[in-house]
Structure formats: C-alpha cells, structure tokens
Amino acid sequence: MMENFTLSNGVSIPAVGYGTYLADCDSAAVVENALRAGYRHFDTASFYGNEAELGRALQQCGAARSALFLTSKLWKTELGYRQALDAFERSLEKLGTDYLDLYLIHWPRPDDLTAEWAELDRGTWRALEELYHAGRVRAIGVSNFLPHHLRSLMETAEITPMVNQIEFHPGYPQTWNVEFCKAHGILPEAWSPLGRTRVLDDPFLRELAAGYGKSVAQLCLRFALQRGVLPLPKSSAPERMAANLDVFDFTISDTDMDRILTLPQFGWSGLHPDFPKRQP
C-alpha cells in the first residue's frame, strides 16, 4: 500500500489526512505536533470556522506551503456560481494562501429541500471548473454526494469530480457509493473513519484488531485504505496522531475484510443529504 493516492488528473495526495472538524487549530502546538507526526495533508472547511486559525498555526510552525496539501470546502449556504467564487476567495484569505490543493462542494443540497439543488450544484461546479482552469486550485471535488447527485452533476460537467468525501467506517461502509466513485475515477475520502464510540468499543473489532497487534482505530484506517478510501482521522493527542499514521505495516486478510464489510450497520452519524432531519 503506497502512502499516497493519485487523483484522476495526476495530482498526488497523502494517503492519510488530518481532519480538523472540531479540532483545536487555534493552538500552534497541536498543528506542530501533527506536522511532527508526519501529517502534510490538512482538511478544513468554511463551515468548520477554523480556516484562519489553521492558516496562522501552519505559518507559525514554519511549514513550507509547497510541502502541504490543503483542502477546504464551501458550505450549503454558499452554493451557486457567484457564491462559490466568493467563498473560495474568503477561504484563501483566511488560510493565508494564494491557492488550494483541493476544493470541495461540502453538501449537494441546501437545507431547503424544495430548492433546485441540481441547478445549484451545476452552477457551483462551473465556478470550481473555472478556478481549476485558472490554476488557483490543483484539484476539485465534492463531499457527501450520493450516486444520484454525482450523476446529475456529471450530466453537464466538463470535469468529473476528482474526490468525493463521505462518511465511511466499519458499520457504515457505503459500499455502492464507494464502488460508483471508483468506476468513475473519483477518489473516495472518509470523514469519521473511526466512527463513533460504538465502533471503537465494538467487541468484534477489538478482537480482530488484537489479532493484528493493532488498535481498533488503526484497523479502521487500514480498512479504509484497503478499500481504496483516503481516511481523515483527527486527534489532538500526539501519541494518537502518530498511531493513526502507523497503518502501512500490516494487511487485513480478504476474509477479515469480508467480515468487516458485512457487519450490520452501526455507528452512523445520522447525517444524510436527502433527509437532513433523519437520525440513526
């Protein structure tokens, strides 16, 4: 297993990223620990409210911009051609950079389910394509899109999304979504790759991980990698940061992969783009 994925346009992306949702990016020490552990891929979003803090912390740590892979996303309220262009400029300013490595549409639909989401997505995507052609972002993609959202977008897209960031973990592997992405050259990324406490405390996964001499968290991350999914774990503890990158020295057997993939659904966040109020 290589420690990088290659996107459809040839751009290389570190195979494990550092997720910053609810992370303490205001502390340069946290970001410095992540850099020291080996992270170079940082994932944020306008919705997270920490772009400025992350940008300042990276600069204070003296990290060379060329050595980093920075991702951000535009929120549901920023859908639309002009809104997307404005959102991109705000993210650049907050992060203190003049380009992004990856820019994503965070959700395919606004909270108003009566809105013409397909047209909003297409206008937003046209803006991202322009930014890509202008060299202001190295790769573009989406997040939380299901196959029918992707099909709709690709009907008019000049460029197929290069990434789809989705909830993915044992107990919620989104098998069809992952397979659809792979069939169209779209790299799936995993937010919440460790699931919730129910996943990390699951007796079956604990037993399975022990057999490999690894933690359940490491098993979850390796599971993602072997499915061709790029995981985005988050942690503020230096030892867990390092452990989350220590997943390239073992292989889950085909039989154990089958057993994980066929677990009953559990640990789902309850977030669904077409049913925003539905809970697990």
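Refer to the structure printed above.
Reading guide: rules and limits
Residues numbered from 1 in each chain as written. Predicted model: local features only at pLDDT ≥ 70, side-chain atom pairs only at ≥ 80, totals over all residues. Heavy atoms only, no water. Phe/Tyr/Trp six-rings, centres within 6.5 Å; stacked < 30°, edge-to-face > 60°. Helix = DSSP H or I, 4+ residues; strand = E, 2+ residues; numbered from the N terminus. Lys NZ or Arg CZ within 6 Å of the ring centre and 35° of its normal. Pairing = 2+ DSSP bridges. Buried < 20%, exposed > 50% of the residue type's maximum accessible area, 1.4 Å probe, protein only. Contact = heavy atoms within 4.5 Å. Salt bridge = Lys/Arg side-chain N within 4 Å of Asp/Glu carboxyl O. Expected span 1.5 Å × (residues − 1). Axes fitted to C-alpha atoms, helices over the stretch in contact; angles between N-to-C directions. Parallel < 35°, antiparallel > 145°, perpendicular 65-115°, else oblique. Left-handed = near helix turned anticlockwise from the far one by under 90°. Nonpolar A, V, L, I, M, F, W, Y, C, P; charged D, E, K, R; others polar. Right-handed = clockwise from strand over helix to strand, strands pointing away.

**A closer look at the packing of aromatic side chains**
Under the criterion given, the structure shown has 10 aromatic pairs. Ring centres of Tyr-21 and Tyr-48 lie 5.0 Å apart, and the angle between their planes is 45°; this geometry places the pair in the tilted category. With Tyr-21 in the loop between strand 3 (18-19) and helix 1 (28-37) and Tyr-48 in the loop between strand 4 (41-43) and helix 2 (51-60), this pair connects stretches of sequence that are 27 residues apart. An aromatic cluster is built from Tyr-21, Phe-47, Tyr-48 and Trp-75, whose rings are joined through pairwise contacts. Above the ring of Tyr-99, the side-chain terminus of Arg-65 is found at 3.9 Å from the ring centroid.

**Here we look at the sheet that holds strand 9 (residues 187-191)**
What the 8 strands build is an open sheet, ordered 3-4-5-6-7-8-9-10; its pairing is parallel. At either margin of the open sheet sits one strand with a lone partner, and together these are strand 3 and strand 10 (230-231). Two strands pair when backbone bridges link them, and strand 9 and strand 10 are joined in this way by 2 bridges, in the parallel orientation. Within strand 10, the residue paired with Ala-190 across the bridge is Pro-231.

**Structural notes on the environment of Gly-17**
Relative to the assigned elements, Gly-17 resides in the loop between strand 2 (12-14) and strand 3. Overall, Gly-17 belongs to the buried group, its relative accessible area being 0%. As a C-alpha pair, Gly-17 and Leu-102 span 85 residues in sequence and 12 Å in three-dimensional space. In this view, Gly-17 contacts Tyr-39, His-41, Leu-230, Pro-231, Leu-232 and Pro-233; residues no more than four positions away in its chain are not counted.

**So, the pattern of salt bridges**
One pass over the structure, following the stated rule, counts 15 salt bridges. Here Arg-90 and Glu-78 are joined by a salt bridge, their closest N and O atoms 3.0 Å apart. In this pair, Arg-90 sits in helix 3 (residues 81-95) while Glu-78 sits in the loop between strand 5 (69-74) and helix 3, placing the two residues 12 residues apart along the sequence. The exposure class of Arg-90 is partly exposed, given its relative accessible area of 38%. Linking Asp-256 and Arg-259 is a salt bridge whose minimum nitrogen-to-oxygen distance equals 3.4 Å. In this pair, Asp-256 and Arg-259 are both assigned in helix 11 (residues 254-261), 3 residues apart and thus about one turn of the helix distant. For Asp-256, a relative accessible area of 11% gives the class buried. Within the structure, one salt-bridge network assembled from shared partners comprises Arg-65, Asp-101 and Arg-138.

**What about helix 4 (residues 117-133)?**
Structurally, the α-helix is built with 3.6 residues per turn, so residues lying three or four positions apart point the same way. Here helix 4 contains 17 residues, and its C-alpha end-to-end distance of 24 Å stays within 8% of the 24 Å for a straight helix at 1.5 Å per residue. Among the residues of helix 4, those classed as buried are Trp-117, Ala-118, Asp-121, Arg-122, Gly-123, Thr-124, Trp-125, Ala-127, Leu-128, Glu-129 and Leu-131. Tucked inside the fold, the buried residues of helix 4 contact strand 5, helix 3, strand 6 (102-105), strand 7 (140-143) and helix 5 (147-154). Gly-135 sits one or two positions beyond helix 4 and adopts a positive phi of about 80°.

**So, the packing of helix 4 against helix 5**
Relative orientation of the contacting elements helix 4 and helix 5 amounts to 60°, with a least axis distance of 9 Å. In terms of orientation, helix 4 lies oblique with respect to helix 5. Judged by the twist between their axes, the crossing of helix 4 over helix 5 is right-handed. Between helix 4, through Trp-117, Ala-118, Asp-121, Arg-122 and Trp-125, and helix 5, the contact on the second element is made entirely by His-148, His-149, Ser-152 and Leu-153. Taken together, the residues that form the contact of helix 4 with helix 5 break down as 4 nonpolar, 3 polar and 2 charged.

**Re the pairing of strand 6**
Alternating positions in strand 6 separate into two faces, Leu-102 and Leu-104 on one and Tyr-103 and Ile-105 on the other, with burial throughout. The pairing of strand 5 with strand 6 spans 4 bridges and is parallel. Bridge pairing in strand 6 places Leu-74 opposite Ile-105. Handedness of the crossover joining strand 5 and strand 6 through helix 3: right-handed.

The quantities given are spatial measurements derived from coordinates; they are silent on function.
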